Amino acid sequence: MIRVENLKKSFGDHEVLKDITVSIAEKEVVVVIGPSGSGKSTFLRCLNRLEEITSGHVYINGMDIADPKVNINKIREDVGMVFQLFNLFPHKSVLENIMLAPMKVKKVSKEVAEEKALRLLEKVGLKDKANVYPESLSGGQKQRVAIARALAMEPKVMLFDEPTSALDPEMVGEVLEVMKELAQEGMTMVVVTHEMGFAREVGDRVLFMDGGYIVEENKPELLFGNPQHERTKAFLSKVL
Amino acid sequence: MKKRLALIVSLFLTFMLALAGCGTSQSEGTSGGGKEMKTLKVATDAAYAPFESLENGKIVGFDVDLVNAAAKEAGYKANVVNVGWDPLFVEIKEKKSDLAVSAITITDDRKQTYDFSVPYYLSTNEILVPENSTISSGADLKGKTVAVQNATTGQEVAESILGKNSPHIKKFKNNNLAIMELLNGGADAVIADNGVVDTYVKNNPDKKLKIIKDDSFPMEFYGLMFPKGSDLKADFDKAIQKLIDNGKYTEIYKKWFGTEPDLEKLKQGK
Amino acid sequence: MDFRFDLIANYAPFFLKGTLLTIGFSVASIILGTILGLLIGLGEMMRNKKLAAPFRVYVTLFRGTPLLVQIMIIHFGFVPLFIGETNVYISGIAALSLNSAAYVAEIFRAGIQSLDRGQMEAARSLGMTHVQAMQHVIIPQAFKRMIPALGNEFIVLIKDSSLVSVIAAPELMYWGNAMQGQYYRPWEPYLTTAFIYLILTMVCDFLLRKLERRLATE
């Protein structure tokens, strides 16, 4: 599904990702953890080329998005993304937020898009908010709308960039619940998060990143129960 | 309703006058004629060669030489300031300047609001047209578009032919712009003072323009313009007469126009 | 104080004609200037610096030189070049629109750059092209933010339109000058024109506020 080979990313002189190689299988839920500044968000953003790739390859369904000739817009249709700060469109209602991309990108009719949007809102438990504007929603509600918006494009992979970091603690649960449900339905997911409980419970595999490298990767029970690397141990001792 | 509008407008007016009053403290005492060579502020619009124009930043011209000579004769110093044509009338009306010299024609209309010295220059208007134009007199201008400088006697002559506020009269800020309009095909003719027209044609032979004279155009006399009731008028009347009598006037006239002044006709203007 | 309302009444038909032309100049230039300004603003923001350069030069030139000079150059230089003679209506609208476009371009650029980068990223992550993202996500939001600054620009433009009186375009200021020249009384014409400009700008301000309120409730 996703294959990353020797991925490097620099901002000016500063090398943030130093040779990342990893594969992610279909229906797999991969959780990326690590201290801040470890490059985990940048890694995620390279997977749909929101960050230009400095060198290496990122294959999505066999297409190398590091190749400038590739139609990145087409590939992004298959790669949904959820942001830390939601990034809902404030000038559009909740329903319009979800309908916009299917109508403009996939040229779906308004009726079909609306029906689908309502179904997704029901799924994330916000059907009653269809016609309000994002500013009147709580953080947790905004993030659930953002998930619904990404799902409306029927992606094959979902990327989550610290989806609960900007939320008040009491709202974290409702978002994680939606994500868990999604995982159970068989969505391929890459999740950057600080929620170790979620990683343990939902993740098929956990990547621990530090200093621009993937230091250690394993099944959650093994990585959390028996970390091999000193840096992993040091990090886990602080967050657990 | 009308009363209230009047109130608003007069409040606005007071405000504007108060503002206008703030900017003019450098005009040294305009009244009380001491004999210690008082400097007079003389307003002009230095865009009217050869009467007054800017040369390397200095205001020069026939009017400037004349007003300096007359002021000296009357026991004053003259400080000529370029304020522009329309503001010039405000300057005098509000007594911000002591007098104005700017090839200003003496008219009955203007006399109602301002005082004028004895005439110091005789002028008529002339018509400036392209060399190939069929216009040969003022009457030929009917139905044509005429460019003039706003608020000049050239405009009055044009209005006497084409009608007041006729859409065929284009009024510009100065004669240079009016002539540019003519050169670019936006007007068929320009009506302006002989001094301006002659000088322009002399200095721009490549523009292929010709001058049409029309004897039916009224003679005009230029005067120094004072605020109504100014006591400077008498001093300058005497001074101008003296310059004419002692030949200094003729000297200045020849320097700028290259011809002899018609002193007899000038006297008719009194 | 003697303020001659009778003279203003005599001149009212010309003030009316002038006001209508001033409105015409202003409306036409606001519309053309805004459209042109949006295009120039987009041009300025092109990632290819070489392609963006001409747009930046345009803005620099038109913002950096006096409108009065631009009016003269366009009237006596460019318009005769294209149509063989001068035409105050073409010159006036062209000069005002071209000048205003430079300011609108900068307002537009500032409006877009004030938006959070996440808006563009969210739109692009959904598969939208750059153009689609601009059209559906960025520009509508930027436009809302631009309205106060645009309103300011429109009001400046209405007043700046008085400068075309130098090329004898018979608009409001032209007739104010003409009346001054006819009666040799400065205050009646100039205060009357000032009063009319004030009403025009107040109407413009009122309409913009209404638009702002309507967009705010959307």
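Okay, so let's go over this structure. Every chain is numbered on its own, with residues counted from 1 as its sequence reads. As they are written, the chains are lettered A onward and the ligands numbered 1 onward, keeping that order. Two thresholds apply to this predicted model, a pLDDT of at least 70 for residue-level local features and 80 or more for giving and counting side-chain atom pairs, whereas whole-chain, interface and lining totals are computed over all residues. Only hydrogens and water are set aside when side-chain values are computed; all heavy atoms of the structure are taken into account.

Here we come to the overall build of chain B. Strands are runs of DSSP state E lasting at least 2 residues, helices are runs of H or I lasting at least 4, and numbering of each runs from the N terminus. When helices and strands are counted, chain B shows ten helices and 15 strands. In chain B, which comprises 270 residues, the share counted as buried stands at 52%. Contacts are assigned to residue pairs that have any heavy atoms within 4.5 Å of one another. Residue pairs at least 24 apart in sequence account for 71% of intrachain contacts in chain B once pairs closer than 6 positions are excluded. Method for areas: the Shrake-Rupley scheme with a 1.4 Å probe, in which residue coverage is limited to the protein chains shown. Put simply, chain B shows about 12,600 Å² of open surface, and 53% of that area lies on carbon and sulfur atoms. To sort residues, take the accessible area from a 1.4 Å probe on protein chains only and compare it with the maximum for the residue type: under 20% means buried, over 50% means exposed, and anything in between is partly exposed.

Moving on to the interface of chain A and chain C. Every contact between the two is made by 25 residues of chain A and, on the other side, 19 residues of chain C. By buried area we mean the combined loss of accessible area, with a 1.4 Å probe, across both parts when two parts are placed together. Roughly 1,800 Å² is buried in total at the junction of chain A and chain C, and carbon and sulfur atoms are behind 59% of that figure. Of all residues in chain A, the largest losses of buried area upon contact with chain C belong to N73, F89 and H91 of chain A, amounting jointly to 27% of the total for that side. Salt bridges, as used here, are contacts in which a Lys or Arg side-chain nitrogen is within 4 Å of a carboxyl oxygen on Asp or Glu. Counting every contact that joins chain A to chain C gives one salt bridge. Salt-bridge contacts for E121 of chain C lead to R45 of chain A; the nearest nitrogen and oxygen are separated by 2.5 Å. Side-chain atoms alone can form a polar contact between residues adjacent in sequence; in general such a contact is a pair of N or O atoms within 3.5 Å, and within protein one must be able to donate a hydrogen while the other accepts it. One can count seven residue pairs in polar contact (both at pLDDT 80 or more) joining chain A with chain C.

A word on the pattern of salt bridges. One pass over the structure, following the stated rule, counts 31 salt bridges over all chains. Residues joined by salt bridges that share partners form a network here, namely R45 and E51 of chain A together with R117 and E121 of chain C.

This brings us to the nonpolar core. Buried Ala, Val, Leu, Ile, Met, Phe, Trp, Tyr and Cys residues form a nonpolar core when they are joined through side-chain atoms within 4.5 Å. With 108 residues, the main nonpolar core has V4, L7, I20, F43 and L47 of chain A as its most contacted residues. Look past the residues within four positions of V4 of chain A in its chain and what remains in contact with it is I20, T21, V22, F43, L47, H57 and V58 of chain A. One finds A71, Y114, F226 and I240 of chain B within the second-largest nonpolar core, a separate group that totals 51 residues.

Secondary-structure assignment places R149 of chain A in helix 5 (residues 139–151). Charge counting follows a simple rule: Lys and Arg are positive, Asp and Glu are negative, and His as well as the terminal groups are ignored. The side chain of R149 of chain A sits in the buried core without any salt bridge; D116 of chain C is the nearest counter-charge, 9.8 Å away. When sequence neighbours within four positions are dropped, the list of residues in contact with R149 of chain A reads F86, N87, L88, F89, N97 and I98 of chain A together with A122 and L126 of chain C.

What follows covers the sheet that holds strand 2 (residues 14–24) of chain A. Sheet architecture is open: four strands sit in the order 2-1-4-5 (chain A), paired in antiparallel fashion. Taken across any chain shown, the strands that pair with only one partner, and hence form the sheet edges, are strand 2 and strand 5 (63–64) of chain A. Note on pairing: two strands pair once DSSP finds at least 2 bridges between them.

The next point concerns helix 2 (residues 49–64) of chain C. All names here are of chain C. With 16 residues, helix 2 extends 21 Å between its outermost C-alpha atoms, agreeing within 8% with the 22 Å of an ideal straight helix rising 1.5 Å per residue. The set of residues buried in helix 2 consists of A52, Y58, V59 and F62. Regarding helix 2, its N-cap is N48, as a side-chain oxygen of that residue lies 2.9 Å from the backbone nitrogen of K50 further along. Here the expected span of a helix is defined as 1.5 Å times the quantity of residues minus one.

Residue and element names in this part refer to chain A. Strand order in this open sheet of six strands is 6-7-8-3-9-10, and the pairing throughout is mixed. Where the open sheet ends on each side, the last strands, each with one partner, are strand 6 (79–82) and strand 10 (213–218). In this sheet, neighbouring strand axes are inclined to one another by 20° on average, regardless of whether the strands run parallel or antiparallel. The pairing of strand 6 with strand 7 (residues 157–161) spans four bridges and is classified as parallel. The axes are straight lines fitted to the C-alpha atoms, using for helices just the contacting stretch, and the angles between their N-to-C directions are given from 0 to 180°.

Moving on: empty space enclosed by the protein. Residues and elements named next belong to chain B. Cavities and pockets are found on a 1 Å grid laid over the protein atoms alone: a cavity is a set of points where a 1.4 Å probe fits but cannot escape, a pocket is an open set with protein on both sides within 12 Å along at least five of seven lines, and a lining residue has an atom within 4 Å of such a point. Grid points are joined across faces, edges and corners, and a volume is the space filled by probe spheres set on the points. With the rule as written, the count across this model stands at three cavities of 30 Å³ or more. Space inside the largest cavity adds up to approximately 90 Å³. Lining the largest cavity, in full, are D45, Y48, W85, S102, A103, T105, R110, Q149, T152, T153 and D193. Charged residues are taken to be Asp, Glu, Lys and Arg, nonpolar residues to be Ala, Val, Leu, Ile, Met, Phe, Trp, Tyr, Cys and Pro, and polar residues to be all remaining types, Gly included. Partitioning the lining of the largest cavity into residue classes produces three nonpolar, five polar and three charged. The split into domains, and so the bounds of each, comes from an automatic or database assignment of domains. Two domains share the lining of the largest cavity, each providing at least three of its residues, namely domain 1 (38–122 + 221–265) and domain 2 (125–212).

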